[in-house]
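# Commentary on secondary and tertiary structure
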Amino acid sequence: MKKILLSSFFLFSTFGFSQSFIQAYKDRATQVKQTNINTILNDFAALGIKTTGSTSNNNALAWLKGKYAEFGYESTQITENKFTYSGKQSTNLIVTTTGTVYPTKFVIICGHYDTINGPGVNDNGSGTAVILEAARILKNISNEYSIKFIHFSGEEQGLLGSKAYVDNVVKATNPKMDIVLVLNLDEVGGVAGKVNNQIVAEKDGTPTYPAGGMYSGYPSTNNAASAVKTTELKNSILNYSNITPVDGYIERSDYMPFEKEGYVVTGLYEANQSNKPHTASDTYVNMDPVYVYNVAQGVVGAIQHFSTADMSLTLGTNDTKKNLKDLVSIFPNPANDFVNIGLEGKGYATTILDLSGKVVLQSKDQQNLDTSKLKNGVYMVQVTTTGDSTTKKLIIKK
Ligand SMILES: [Zn+2]
């Protein structure tokens, strides 16, 4: 009895409201280099005013592509998505690492690289630097979900690049792209001379834009899931960086076209809000490169967390998920040397994970699984069918 109580408590504390610190995530977070951040920010500044469709804007695209080549990404991992603004062409850059377990489910980390009126070292060289450094470090991790690092253009003219991508890529696939989460970074540069040790974690919800305002017509059905993911983002920031997250809401930036389609979004934004963006003074000396370095550590931790299959028990909100959950039976439970994961028909995959999120067993279209090598304890059984998944608890007791 005591043992069962202990297990239940552990389960609740792990999945209810917090997430485990994972040393391997921290080890990668500490691979962020201040010198890399500084170099990227200075390169970004040197590219000048990168107005959408301008020569500088195209030069910035070429520079970004050069960085990914330098990191060792294959050309097959890099795609471009073009759109037109004011008669000129501009380009979004998309870099993908394919997931080992769910290759068609995507975690997107994005930020814009176009600027307006100035070099935009904070808005949004800072987000660009974080994405690049994360992409460098995470190139060879074995992520369960696919990850897309996306550099949008056209943000300053009204989210033109992200709108084009959502319209022409995300919605144009059939079924439309399966996106686990969109994490957007815009203005994470801080203010020179200030103590920049907090960051706004932005969840979905538009309290400052009442009905009839610019965001009327955006769905609220995805708000609750965004709140869950934003809490996970905050936990990652706490676990893997030395800055503190504070609460805020999403605003005008590149997650909005995804939000409008009902996707789950979250974002990061500086807590000390600079007044330099959109001016000629948005320069390197007016922001805080050390802050960008700290943000990058938190983001590297967060991406690893988000690209590991979701075991949250609170996200099964739609009816399909409820139905699948009811259809899956686990017998016996507690189990010893074998377990039968019952689900009629073919086309499902079973993954068993321990409480740290590590995959300990996987199978396809197979009901009887050999659990003889699993140690006593509580595990999560994740059953995935095309377009749906559910998670249930399994106890191994020998
Ligand atoms: Zn911006």
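Preceding block: the structure.
Everything numeric in this text was worked out from a predicted model, so none of it was measured.

## Focus on the coordination of the zinc ion
The coordination sphere of the zinc ion contains the protein donors His-112 (NE2), Asp-123 (OD), Asp-186 (OD) and Asp-186 (OD), at a distance range of 1.9 to 2.6 Å. Angles of 53 to 147° at the metal separate the 4 donor atoms of the zinc ion, which places the site in the irregular class. Sequence positions of the residues that donate to the zinc ion give the spacing H-x10-D-x62-D. Separated by 63 residues along the polypeptide, Asp-123 in helix H5 (residues 121-137) and Asp-186 in the loop between strand S5 (178-185) and strand S6 (198-203) bring together distant segments of the chain. Overall, the relative accessible area of 3% leaves Asp-123 in the buried class.

## Focus on the nonpolar core
Counting 60 residues, the largest nonpolar core has Tyr-68, Ile-109, Phe-149, Leu-268 and Val-295 as the members making the most contacts within it. In terms of residues, this core owes the most to one element, helix H9 (residues 289-306), which gives 9 residues. When sequence neighbours within four positions are dropped, the list of residues in contact with Phe-149 reads Tyr-68, Tyr-73, Leu-93, Ile-94, Val-95, Thr-97, Ile-109, Ile-131, Ala-134, Ala-135, Leu-138 and Ile-303. In this structure, Ile-94, Ile-108, Tyr-165 and Met-177 belong to the second largest nonpolar core, which totals 20 residues.

## Notes on the sheet that holds strand S9 (residues 329-331)
Reading across from one edge, S9-S10-S13 is the order of the 3 strands in this open sheet, with antiparallel pairing throughout. Strand pairing shows two members of the sheet lacking a second neighbour, S9 and strand S13 (368-370), which therefore form its edges. When the angles between neighbouring strand axes are averaged without regard to direction, this sheet yields 25°. Bridging between strand S10 (residues 338-342) and S13 involves 3 bridges; their strand directions are antiparallel. In the strand pairing of S13, Asn-340 is matched with Asn-368.

## Side note on the pairing of S6
Where S6 meets strand S7 (residues 244-249), 6 bridges bridge the pair, whose relative direction is parallel. Looking at the pairing, Glu-202 lines up with Gly-248 of S7. Alignment of S6 against strand S8 (residues 265-270), held across 4 bridges, turns out to be antiparallel. If you follow Ile-199 over to S8, its bridge partner there is Glu-270.

## Digging into the pattern of salt bridges
A complete count under the given rule lists 9 salt bridges for this structure. The shortest N-O distance in the salt bridge between Lys-171 and Asp-167 comes to 3.6 Å. A relative accessible area of 38% means that Lys-171 is categorised as partly exposed. The exposure class assigned to Asp-167 is partly exposed, which follows from its relative accessible area of 44%. Among the ionic pairs, Lys-171 bridges to Glu-261, the shortest N-O distance being 3.3 Å.

## Quick word on the side chain of Ser-253
Positionally, Ser-253 belongs in the loop between S7 and helix H8 (256-260). Taking the relative accessible area as the measure of exposure, Ser-253 reaches 3% and is therefore buried.

## Some words on the sheet that holds strand S3 (residues 102-112)
If you walk across this open sheet you meet the 8 strands as S1-S2-S4-S3-S5-S8-S6-S7, and the pairing is mixed. Where the open sheet ends on each side, the last strands, each with one partner, are strand S1 (78-85) and S7. Taking the axes of each pair of neighbouring strands and ignoring which way they run, one obtains an average angle of 25° across the sheet. Of the strands in this sheet, S1, strand S2 (88-97) and strand S4 (145-152) are in contact with helix H4 (residues 55-71), which crosses S2 at around 15°.

## Concerning the packing of helix H7 (residues 223-240) against H9
Across the interface, H7 lies against H9 with an axial gap of 8 Å and an inter-helix angle of 130°. Of the possible angle classes, the one that applies to H7 and H9 is oblique. The two elements H7 and H9 meet at a crossing, and its hand is right-handed. The segment H7 lies against H9, with Lys-229, Glu-232, Leu-233, Ser-236, Ile-237 and Tyr-240 engaging Gln-297, Gly-298, Gly-301, Ala-302, His-305 and Phe-306. By residue class, the composition of the contact of H7 with H9 is 5 nonpolar, 5 polar and 2 charged.

## Topic: the packing of H4 against H5
Put simply, H4 and H5 touch, their axes get as near as 10 Å, and they point 20° apart. With respect to each other, H4 and H5 are oriented roughly parallel. Like other packed secondary-structure pairs, H4 and H5 cross with a definite hand, here right-handed. Counting all contacts with H4, which are made through Trp-63, Leu-64, Lys-67, Tyr-68 and Phe-71, the residues of H5 involved are Thr-128, Ile-131, Leu-132, Ala-135 and Arg-136.

## Points about the packing of aromatic side chains
For the structure on display, the rule yields 9 aromatic pairs. For the pair Tyr-68 and Tyr-73, a centre-to-centre distance of 5.5 Å together with 70° between the ring planes defines the contact as edge-to-face. Judged by relative accessible area, which is 6%, Tyr-73 ranks as buried. In textbook terms, an aromatic cluster arises when at least three aromatic residues are bridged by ring pairs, as seen for Phe-21, Tyr-25 and Tyr-240. The aromatic ring of Phe-44 is capped on one face by Lys-50, whose charged end is 4.0 Å from the ring centroid.

## Remarks on the environment of Arg-28
On the secondary structure map, Arg-28 appears in helix H2 (residues 23-29). Arg-28 has contacts with Ile-137, Leu-138, Ile-141, Val-300 and Gln-304, leaving out every residue within four places of it along the chain.

## Observations concerning the pairing of strand S14 (residues 377-385)
Most of S14 is tucked away: 7 of the 9 residues are buried. Pairing of strand S11 (residues 349-353) with S14 involves 5 bridges; the strand directions are antiparallel. Counted as the bridge partner of Leu-353 is Met-380 from S14.

Rules used throughout
- For every chain, the first residue of its written sequence is number 1, and the numbers climb from 1 along that sequence.
- Whole-chain, interface and lining totals are the exception, using all residues; otherwise, since this is a predicted model, local features are given only for residues with pLDDT of at least 70 and side-chain atom pairs are given and counted only at 80 or more.
- By convention in this description, side-chain values take in all heavy atoms of the structure and omit both hydrogens and water.
- Each metal site is built from N, O and S donor atoms within 2.8 Å (3.2 Å for Na, K and Ca), and since water is not included, such sites may look incomplete.
- A four-donor site is classed as tetrahedral when every donor-metal-donor angle falls between 85 and 135 degrees; four donors are called square planar, and six octahedral, when trans pairs exceed 155 degrees and all remaining angles lie between 65 and 115, with any other arrangement labelled irregular.
- Helical segments are the DSSP runs of H or I of at least four residues, strand segments are the runs of E of at least two, and each set is numbered from the N terminus.
- Exposure categories follow from relative accessible area, calculated using a 1.4 Å probe and restricted to protein chains: below 20% of the type maximum is buried, above 50% is exposed, and the middle band is partly exposed.
- Grouping buried Ala, Val, Leu, Ile, Met, Phe, Trp, Tyr and Cys residues that are joined through side-chain atoms within 4.5 Å yields what is termed a nonpolar core.
- Any two residues whose heavy atoms approach within 4.5 Å are treated as being in contact.
- We treat two strands as partners when DSSP finds at least two bridges between them.
- Between the N-to-C directions of two axes lies an angle of 0 to 180 degrees, each axis being a line fitted to C-alpha atoms and, for a helix, fitted only over the stretch in contact.
- Salt bridge, as used here: a side-chain nitrogen of Lys or Arg that lies within 4 Å of a carboxyl oxygen of Asp or Glu.
- In these notes the angle categories are as follows: under 35 degrees is roughly parallel, over 145 is roughly antiparallel, 65 to 115 is roughly perpendicular, and the rest is oblique.
- Crossing chirality is assigned from the near helix's rotation relative to the far helix, an anticlockwise turn below a right angle marking it left-handed and a clockwise turn marking it right-handed.
- All amino acids are sorted into three groups, where Ala, Val, Leu, Ile, Met, Phe, Trp, Tyr, Cys and Pro are nonpolar, Asp, Glu, Lys and Arg are charged, and the leftover types, Gly among them, are polar.
- Two rings from Phe, Tyr or Trp (for Trp, the six-membered ring) form a pair when their centres sit within 6.5 Å of each other. Planes less than 30 degrees apart are called stacked, planes more than 60 degrees apart edge-to-face, and all others tilted.
- Definition used: whenever NZ (Lys) or CZ (Arg) falls within 6 Å of the ring centre and also within 35 degrees of the ring normal, the charge is taken to sit over that ring.

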